[in-house]
Every structure is written in C-alpha cells, then in structure tokens.
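Listed here are the chains, written in short residue letters.
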Amino acid sequence: VQLQACGGGLVQTGDSLRLSCAASGRALSEYAVGWFRQAPGKEREFVAGISSLGGNTLYADSVKGRFTISRDNAKNTVYLQMNSLKPEDTAVYYCAAHSWQTIVVVTPTTNYDYWGQGTEVTVSS
C-alpha cells in the first residue's frame, strides 16, 4: 500500500487543520493507521491511531480532546482533524499503516510497515 499525506500548512494558535492520508494499491480497510509527528531536533512521536474498521482509537495525551482521527474506508482515506492548535503542535506529520492485529492501535513507530511522506504543520503564536 502507498500512503500520501496532505493538508498541512501555516496557521495561527487556536486555528484548525484537517490532514488527510490517502491510500493506493491496496484497500486501506486491511490496515490500522497511525498519525505521527516529528518536530525539529526531536524524535518521531505517536499522535493518534485508528483500527482497521474504525472501532478503536488512541491518542497521545498531548492532543487528547483537540485532535480527532477518523477514517472513510470507502474513500481509502484516514483523517486527522486538529483543533485548537498550539505552537507545540508544529511538526512534520506522517501517516503510517500496519497490517497485523489491525483491530488494535499500537504506538511504536517500529510496528508500522508503511509510511507516507510528511506534511508540514506550522502553528504561529
């Protein structure tokens, strides 16, 4: 499966953005999907994840209550709705997928086999 993330941009504190992760090559319904981010000088970190059929979601504490992950398997796309953005949300955001135990959401980057290119999110204060 190939993944393509888009939707990043430059916004101000408190604004919203919606990232999209579109899949091609295979049905996205076969995969659990996660969003990760990497800020300059920092390690890539888990942001949110969703199981293959959408029944389970998981969020990092830093985004809980502000970000929402969802998926539309008919459109082969996973979304990350980001509200109340803060400067500390500034990072390159990546979507990733794995095809084992897809009913659960896992957080380590090493568990994800497929990665899209990043989309940059910059939140100004």
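Look above for the structure.
What this report covers is the structure whose coordinates are included nearby. What you see is a predicted model, and the numbers here were worked out from it, not measured in a lab. Per chain, residues are indexed from 1 in the order of the written sequence. A pLDDT threshold of at least 70 governs which residues receive local features in this predicted model, and a stricter bar of 80 or more applies before side-chain atom pairs are shown or counted, although totals over entire chains, interfaces and linings include all residues. Side-chain numbers come from the whole structure's heavy atoms, not from hydrogens or water.

**Section: the state of the cysteines**
Between two cysteines, a covalent bond joining their sulfur atoms is known as a disulfide. In plain terms, two cysteine sulfur atoms within 2.5 Å form what is called a disulfide here. By the definition in use, this model includes one disulfide. Across the disulfide from C21 sits C95; the S-S distance is 2.2 Å. Here the S-S torsion is close to 70 degrees, and the disulfide linking C21 with C95 is therefore right-handed. Taken together, the residues C21 in strand β3 (residues 17-24) and C95 in strand β9 (residues 91-98) connect sequence positions 74 residues apart. For the pair formed by C21 and C95, the shared burial category is buried. C6 takes part in no disulfide bond, and the closest cysteine sulfur, belonging to C21, lies 8.8 Å away. In this text, helices come from DSSP runs of H or I with a minimum length of four residues, and strands from runs of E with a minimum of two, each type numbered from the N-terminal end. To sort residues, take the accessible area from a 1.4 Å probe on protein chains only and compare it with the maximum for the residue type: under 20% means buried, over 50% means exposed, and anything in between is partly exposed.

**Notes on the sheet that holds strand β7 (residues 67-72)**
DSSP-based pairing: two strands are paired if at least 2 bridges between them are found. One open sheet holds the four strands; their spatial order is β1-β3-β8-β7, and the pairing between them is antiparallel. With one partner strand each, in any of the chains shown, β1 (2-6) and β7 form the two edges of the open sheet. Sheet twist, expressed as the average angle between the axes of neighbouring strands with direction ignored, equals 15 degrees. Taken together, the six bridges between β3 and strand β8 (residues 77-82) define a ladder with antiparallel strand orientation. Every axis in this analysis is a line fitted to C-alpha atoms, fitted for helices over the stretch in contact. Angles between the N-to-C directions lie between 0 and 180 degrees.

**Overview of the pattern of salt bridges**
Take a side-chain nitrogen of Lys or Arg and a carboxyl oxygen of Asp or Glu: if they are within 4 Å of each other, that pair is a salt bridge. Under the criterion given, the structure shown has five salt bridges. Residue E45 is joined to R37 by a salt bridge in which the shortest nitrogen-to-oxygen separation is 2.7 Å. According to the relative accessible area criterion, E45 is partly exposed, its value standing at 37%. Close ionic contact of D61 with K64 constitutes a salt bridge, the shortest N to O distance being 3.1 Å.

**Some words on the packing of aromatic side chains**
To pair, rings of Phe, Tyr and Trp, with the six-membered ring standing in for Trp, must have centres within 6.5 Å; the planes then decide the type, stacked if under 30 degrees apart, edge-to-face if over 60, and tilted in the middle. Under the defined criterion, the tally for this structure stands at five aromatic pairs. Ring geometry for Y31 and Y114: centres 5.6 Å apart, planes at 85 degrees, overall edge-to-face. Here the residue Y31 occupies a position in the loop between β3 and β4 (32-38), and Y114 occupies one in strand β10 (residues 114-115), the gap between them amounting to 83 residues. Classification of Y31 by relative accessible area gives buried; the value is 3%. Two conditions define a charge sitting above a ring: the NZ of Lys or the CZ of Arg must be within 6 Å of the ring centre, and it must be within 35 degrees of the ring normal. Above the plane of the ring of Y94 lies R44, whose end atom (NZ or CZ) is 3.7 Å from the centre.

**Examining the side chain of S52**
Following the sequence through the fold, S52 ends up in the loop between β5 (45-50) and β6 (57-59). The contact partners of S52, leaving out residues within four places of it in the chain, are S29, E30, Y31, A32, R71, N73 and T102. Any two residues having at least one pair of non-hydrogen atoms within 4.5 Å are treated as being in contact.

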